[in-house]
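A look at the structure
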Amino acid sequence: MNNFTDREVEVIKLLINGLSNAEIGKILFISVHTVKSILEKIYEKTNCHNRVQVAVFAVKNNICN
């Protein structure tokens, strides 16, 4: 199973709720650039290519309990 940091899990949870990068950044008090960087790491760990794939992966693998 993939090892996600606490911050990556926070981003995944917000992504699943349909928030934009800007909205995620505001909530987590980080820049949009940082959100994008975290998403790139998530894409690598999940072998996903977009937000929808990450959301499906997270739900299927119970990442966000």
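The following refers to the structure shown. Only a predicted model underlies this, so the values are computations on that prediction, with no experimental measurement involved.

**Regarding the overall build of the chain**
When you go through the chain residue by residue, the secondary structure sums to four helices and zero strands. Starting at the N terminus and ending at the C terminus, the chain contains elements arranged as α-α-α-α. Here the chain has a C-alpha radius of gyration of 11 Å; the compact-globule value for 65 residues is 11 Å, and the two agree. Considering only C-alpha atoms, the chain reaches an extent of 30 × 20 × 20 Å along its principal axes. Within the span of the chain, comprising 65 residues, buried residues form 38% of the whole. Of all intrachain contacts in the chain linking residues separated by at least 6 positions in sequence, the fraction that spans at least 24 positions is 58%.

**Observations concerning the pattern of salt bridges**
Close approach of charged atoms allows side chains of opposite charge to pair. Here the structure, examined in full by the defined rule, presents two salt bridges. In this structure, the salt-bridge partner of Arg 7 is Glu 10, at a minimum N-O distance of 3.0 Å. Here Arg 7 and its partner Glu 10 are both found in helix 1 (residues 6-16), three residues apart, which amounts to about one turn of the helix. For Arg 7, a relative accessible area of 31% gives the class partly exposed. Glu 10 gets classed as partly exposed once you look at its relative accessible area, which sits at 34%.

**Brief notes about the packing of helix 1 against helix 2 (residues 21-28)**
How two helices pack is summed up by the angle between their axes together with the distance between the axes. At their nearest, the axes of helix 1 and helix 2 sit 10 Å apart, and the two run at 130 degrees to each other. With respect to helix 2, the element helix 1 is oriented oblique. Where helix 1 crosses over helix 2, the two elements pack in a sense that is right-handed. Across from Arg 7, Glu 10, Val 11, Leu 14 and Leu 15 in helix 1, the residues of helix 2 making contact are Ile 24, Ile 27 and Leu 28. A class-by-class count of the residues in the contact of helix 1 with helix 2 yields six nonpolar, no polar and two charged.

Calculation criteria
- Residues numbered from 1 in each chain as written.
- Predicted model: local features only at pLDDT ≥ 70, side-chain atom pairs only at ≥ 80, totals over all residues.
- Heavy atoms only, no water.
- Helix = DSSP H or I, 4+ residues; strand = E, 2+ residues; numbered from the N terminus.
- Rg over C-alpha atoms; globule rule 2.2 N^0.38 Å.
- Buried < 20%, exposed > 50% of the residue type's maximum accessible area, 1.4 Å probe, protein only.
- Contact = heavy atoms within 4.5 Å.
- Salt bridge = Lys/Arg side-chain N within 4 Å of Asp/Glu carboxyl O.
- Axes fitted to C-alpha atoms, helices over the stretch in contact; angles between N-to-C directions.
- Parallel < 35°, antiparallel > 145°, perpendicular 65-115°, else oblique.
- Left-handed = near helix turned anticlockwise from the far one by under 90°.
- Nonpolar A, V, L, I, M, F, W, Y, C, P; charged D, E, K, R; others polar.

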